[in-house]
Amino acid sequence: INAKPVAEFIMSQILYFAKRLNDCNQFKLNKRWNQWELARKTIQLSDSTLGIIGYGSMGKKHAQILKSMGINNLYFYSKQKKIPYKRIKSLNEVKNIDPDYIINCIALTDVDLCEKNNNLAYEVNVVGVKNIISACPNNCKLIHISTDMCLMERKVSMARRTVQTQFVIMEKQN
């Protein structure tokens, strides 16, 4: 996976939510524009808190782009000890930082390893994601980066050998 285009796409999704682009489109379609009403609802990214789960090539690239946009409230959950950002040590701490967005960059993507060790693939790619969803506070947007690997009944099957990136964006509300 090329981390840069994926991180750029994820940034576009964060901007979509923060700047209420769907509402902008509705204003345009309804031919009713009230920029002050919309401005009150938008979020300044520099005031946002973001959590990034995983500090591999994807997590590093996300941090680089987010920092370049003036976002300083970055938290990482990673097993790596040397991270130049704020670090949380467990998913239980996620609610304490009250993130506006969480980007999940953890996945087991080695096809051969997944085929050899179905249980590990299931634990990382299914149970791990469930744990992240459970850790998200209300109104936090979870951006989950995945691959085209399908896990069914703890068996890993591949539709094809090339890996494509898919994105799932979920908003947990009250």
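Q: What is the right way to look at the overall build of the protein in this model?
A: Within the protein, the regular secondary structure consists of seven helices and eight strands. Summarising the internal contacts of the protein: among those between residues at least 6 apart in sequence, 64% fall at separations of at least 24. A total accessible area of about 10300 Å² is found for the protein, and carbon and sulfur atoms account for 49% of it.

Q: Could you clarify how one ought to interpret helix 1 (residues 3–18) in this entry?
A: Three- or four-residue spacings in an α-helix give side chains the same orientation, since the helix completes a turn every 3.6 residues. With 16 residues, helix 1 extends 22 Å between its outermost C-alpha atoms, agreeing within 8% with the 22 Å of an ideal straight helix rising 1.5 Å per residue. Among the residues making up helix 1, those that are buried are A3, V6, A7, I10, M11, Q13, I14 and A18. For helix 1, the angular spread of buried residues about the axis comes to 160°, placing them on one side.

Q: Honestly, the packing of aromatic side chains in this entry has me stumped. Any pointers?
A: Think of a pair of aromatic rings as described by two things: how far the centres are apart, and how the planes are tilted against each other in angle. Considering all chains together, one arrives at four aromatic pairs under this definition. Judged by centre distance (6.3 Å) and plane angle (65°), the ring pair of Y55 and Y85 falls under edge-to-face. Remark: Y85 occurs in the loop between strand 2 (73–77) and strand 3 (86–88) and Y55 occurs in the loop between strand 1 (49–53) and helix 4 (57–68); sequence separation between them is 30 residues. With centroids separated by 5.2 Å and ring planes inclined at 35°, the aromatic side chains of F76 and Y85 adopt a geometry described as tilted. Linked through ring pairs, Y55, F76 and Y85 together constitute an aromatic cluster.

Q: How should I be thinking about the confidence of the model for the protein in this particular structure?
A: Low-pLDDT portions of the prediction should not be read for the details of their coordinates. The pLDDT averaged across the protein works out to 77; a share of 83% of its residues lies at or above 70. Mean pLDDT in the protein bottoms out at strand 7 (residues 155–157), which sits at 34, and peaks at strand 4 (residues 101–104), which reaches 90. Across residues 150–167 the pLDDT falls below 50, and counting only partners more than four positions away or on other chains, this stretch makes 47 contacts in the model. With pLDDT under 50 throughout, residues 169–174 is counted as low confidence; its partners more than four residues away or in other chains account for 23 contacts.

Q: When you look at the pairing of strand 4 in this model, what are you seeing that I'm missing?
A: In summary, the side chains of a regular strand alternate between the two faces of the sheet. Because side chains alternate across strand 4, one face comprises the buried residues Y101 and I103, and the other comprises I102 and N104, equally buried. Here strand 1 pairs with strand 4 via four bridges, running parallel. Bridged to G51 within strand 4 is I102.

Q: Looking at this structure, how should I read the pattern of salt bridges?
A: Two side chains that carry opposite charge are able to pair once their charged atoms sit near each other. For the structure shown, the criterion picks out two salt bridges. With a shortest N-O distance of 3.9 Å, K4 and E8 are connected by a salt bridge. One end of the pair is K4 and the other is E8, both in helix 1 and four residues apart, which spans about a single turn. For E8, a relative accessible area of 42% translates into the label partly exposed. Of the charged contacts in the structure, one is a salt bridge between D23 and R20, with a shortest N-O distance of 2.8 Å.

Q: Please clarify how the state of the cysteines should be interpreted in this entry.
A: Any covalent bond linking the sulfur atoms of two cysteines counts as a disulfide. Tallying each qualifying case throughout the model produces zero disulfides. Just so you know, C140 is unpaired, no disulfide at all, and the nearest cysteine sulfur is the one on C136, 4.3 Å from it. The class of C140 is buried, set by a relative accessible area of 1%.

Q: What am I meant to see in the pairing of strand 2 here?
A: Here strand 2 lies mainly inside the structure; four of its five residues are buried. Direction of pairing for strand 1 relative to strand 2: parallel, over a ladder of five bridges. Each residue of the ladder has a partner; that of L50, found in strand 2, is L74. As for the winding sense of the linkage, the β-α-β connection from strand 1 through helix 4 to strand 2 is right-handed. Note that strand 2 and strand 3 share three bridges and pair parallel. By the bridge assignment, Y75 is partnered in strand 3 with K86.

The rules behind each value
Think of each chain on its own: its residues are numbered from 1, step by step along the sequence as written. A pLDDT threshold of at least 70 governs which residues receive local features in this predicted model, and a stricter bar of 80 or more applies before side-chain atom pairs are shown or counted, although totals over entire chains, interfaces and linings include all residues. Side-chain metrics rest on all non-hydrogen atoms present in the structure, leaving aside hydrogens and water. Secondary structure elements follow DSSP: runs of H or I no shorter than four residues count as helices, runs of E no shorter than two count as strands, and numbering proceeds from the N terminus. What makes two residues a contact is simply this: any of their non-hydrogen atoms within 4.5 Å. Per-residue and other accessible areas were derived by the Shrake-Rupley procedure at a 1.4 Å probe size, with only the shown protein chains allowed to occlude residues. Here the expected span of a helix is defined as 1.5 Å times the quantity of residues minus one. Exposure categories follow from relative accessible area, calculated using a 1.4 Å probe and restricted to protein chains: below 20% of the type maximum is buried, above 50% is exposed, and the middle band is partly exposed. Note that the arc is computed from the directions linking the helix axis to the C-beta atoms. Pairs were defined over the aromatic rings of Phe, Tyr and Trp, the Trp ring being its six-membered one, requiring ring centres within 6.5 Å. Orientation was assigned from the angle between planes: stacked under 30 degrees, edge-to-face over 60, tilted for the rest. You can read pLDDT as the predictor saying how much it trusts each residue, on a scale of 0 to 100. Only when DSSP finds a minimum of two bridges between them are two strands counted as paired. The working definition used for a salt bridge is a side-chain nitrogen of Lys or Arg within 4 Å of a carboxyl oxygen of Asp or Glu. Pairs of cysteine sulfur atoms within 2.5 Å are identified as disulfides in what follows. Whether a crossover is right-handed depends on one test, that the path from the first strand over the helix to the second runs clockwise when the strands point away from the viewer.

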